[in-house]
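# A look at the structure
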Amino acid sequence: MKSEPGRNVPLWVEIPSAVLLALLSTLEGFRSAGDTLADPAPWVAATASFAVLARYRVSRVVAGLALVSVGLGSVFPLLVMLYHFASRGRLRAVWVCLGIALAAGLPWLAAALVLGRPLSGGRLSTWTGAGVGNAVLVALALALGMWAGSRRRLLGALTDQVEQLRVERELRAEQARLAERARIAREMHDVLAHRLSLLMLHAGVLQLRAEGMSPAGLERLTLLRSTAGQALDDLREVLGALRSGRPAGADGAPAVMAPALPGLAELLTEARAAGQVIESVVSGDVERASTSHRLAVHRLVREALTNARRHAHDAPVTVSVHYGPSATTVEVVNGPAGRVGESAVLGGFAVPGGYGLIGLAERVAALGGHLHTGSCGGGWRVFARLPTTCAPVRPPVSAS
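In short, a report on the structure. (Residues numbered from 1 in each chain as written. Predicted model: local features only at pLDDT ≥ 70, side-chain atom pairs only at ≥ 80, totals over all residues. Heavy atoms only, no water.)

Scanning the protein chain for helices and strands turns up 10 helices and seven strands. Expressed as a percentage of its 400 residues, the buried residues of the protein chain come to 34%. Excluding contacts between residues fewer than 6 apart, the proportion of contacts in the protein chain whose partners are at least 24 apart in sequence is 66%. For the protein chain, the computed accessible surface area is about 23,300 Å², with 63% contributed by carbon and sulfur atoms. (Helix = DSSP H or I, 4+ residues; strand = E, 2+ residues; numbered from the N terminus. Buried < 20%, exposed > 50% of the residue type's maximum accessible area, 1.4 Å probe, protein only. Contact = heavy atoms within 4.5 Å. Areas by Shrake-Rupley, 256 points an atom, 1.4 Å probe, with all protein chains shown as cover.)

Laid out in structure tokens, this is it:
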């Protein structure tokens, strides 16, 4: 069953409540009319009670019926409307309803003062004999309405805050992924630019020593050098913008700098000098692995050691790297932290913290691999597998 716009309580809950309200209002109107059904008071009270179901659409009409019901001796529909207006923050409507209801009861109060006794059986004996009780009911309805409105606004504000935090976290994660992609592009730009520059350099040296070379070979060598130069220019044009902040060359173009491929031995030595207990195993042919794999391995080990040193500095760390013919595997496992810091830590990694693992996952995915992270014996395990798509095959060296 669909509810009306703005309705918070479903109809299957409000309909029984309206029936109960109609019974109480009819009984009150019946008594105020002198215990007779020939008077319109009980019928108006019942009509106003069922009309409160439409208070979200035509609140003014329903409030008017409730005021007529008050004028005939039944106050319960007005209490519902006062609660509704107070919960919606419509205090002006609350004061208007109360003013009209009190103004309608003034003639009866004046008559009671002139006669010197309360008007028993009169339609508005509510405002004479039971004035204190009704005032308490009105105050209770207003208090509950304002409390419900404040609670609804608070829940709405908290919901908006949670949604904002979720959006901010997604944006930060996306920013971390984009930053990692830019870092990968810069590294590969450095690597390719360096190798193309070496290719042009060696081709130029061979051109200078071209004595005895056939015209066809010299033409091929010239074509090789010019093609490498064009490839280098294209690479600078496409990826040069990512090198902002680097010193430019004499012609204004970004200077080509030889990439310093970091070694694991230096990284592990620095970590041990910082006080970490590290057991490392590096196997396989390092020179056989591609540059992108070696850069990814260095980044994986560095990030894992940094997080372990930050949150579990006294825990031993095991680093295993294998450069295989089909894939490069990296595994870093740290033990449980001996003392938990102020931030929430799970096995050496801060649970609510940064986005280093997101960047690692982006880098590994760009190489066609997969990254697994999770708890391991109270510590934390980082495992990555980078497949080798085209492993170079070295021909056997024949003895001459």
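Two elements in contact, helix α8 (residues 264-273) and helix α9 (residues 291-311), have axes whose closest approach is 10 Å; the angle formed by their N-to-C orientations is 5°. When the interaxial angle is binned, α8 and α9 end up roughly parallel. Mapping the contact onto sequence places L264, L267, L268 and A271 in α8 and V297, H298, V301, R302, L305 and R309 in α9. Taken together, the residues that form the contact of α8 with α9 break down as seven nonpolar, one polar and two charged. (Axes fitted to C-alpha atoms, helices over the stretch in contact; angles between N-to-C directions. Parallel < 35°, antiparallel > 145°, perpendicular 65-115°, else oblique. Nonpolar A, V, L, I, M, F, W, Y, C, P; charged D, E, K, R; others polar.)

The subject of this paragraph is the pattern of salt bridges. Per the stated rule, a full pass over the model turns up five salt bridges. R177 is the salt-bridge partner of E174, the closest N and O atoms lying 2.8 Å from each other. With E174 and R177 both in helix α6 (residues 131-208) and three residues apart, this pair spans about one turn of that helix. Given a relative accessible area of 26%, R177 falls into the partly exposed group. Across the pair R299 and E303 runs a salt bridge whose closest N-O atoms are separated by 4.0 Å. Here the residue R299 and the residue E303 both occupy positions in helix α9, the gap between them amounting to four residues, near one helical turn. As far as burial versus exposure is concerned, R299 and E303 are alike and both buried. Linked through salt bridges whose partners overlap, the residues forming this network are E163, R166 and E170. (Salt bridge = Lys/Arg side-chain N within 4 Å of Asp/Glu carboxyl O.)

Here the largest pocket defines a volume of roughly 630 Å³. What lines the largest pocket is a set of 26 residues, among which E14, S17, R55, V80 and Y83 lie closest to the centre. Looking at the lining of the largest pocket, the elements with two or more residues in it are α1 (11-32), α4 (76-87) and α6. When the residues that make up the lining of the largest pocket are grouped by side-chain class, the tally is 18 nonpolar, four polar and four charged. (1 Å grid on protein atoms, 1.4 Å probe; cavity = no way out; pocket = protein on both sides within 12 Å on 5 of 7 lines; lining within 4 Å. Points joined across faces, edges and corners; volume = space filled by probe spheres on them.)

A word on the sheet that holds strand β1 (residues 278-284). Taken in spatial order, the five strands line up as β1-β2-β3-β7-β6 in an open sheet, and their pairing is mixed. At either margin of the open sheet sits one strand with a lone partner, and together these are β1 and β6 (370-376). Direction aside, neighbouring strands of the sheet carry axes that sit 10° apart on average. Where β6 and strand β7 (residues 379-387) come together, seven bridges link them in antiparallel fashion. What sits directly across from S375, in β7, is W380. Against the sheet, α8 touches β1 and β2 (317-323), its axis set at about 175° to β1. (Pairing = 2+ DSSP bridges.)

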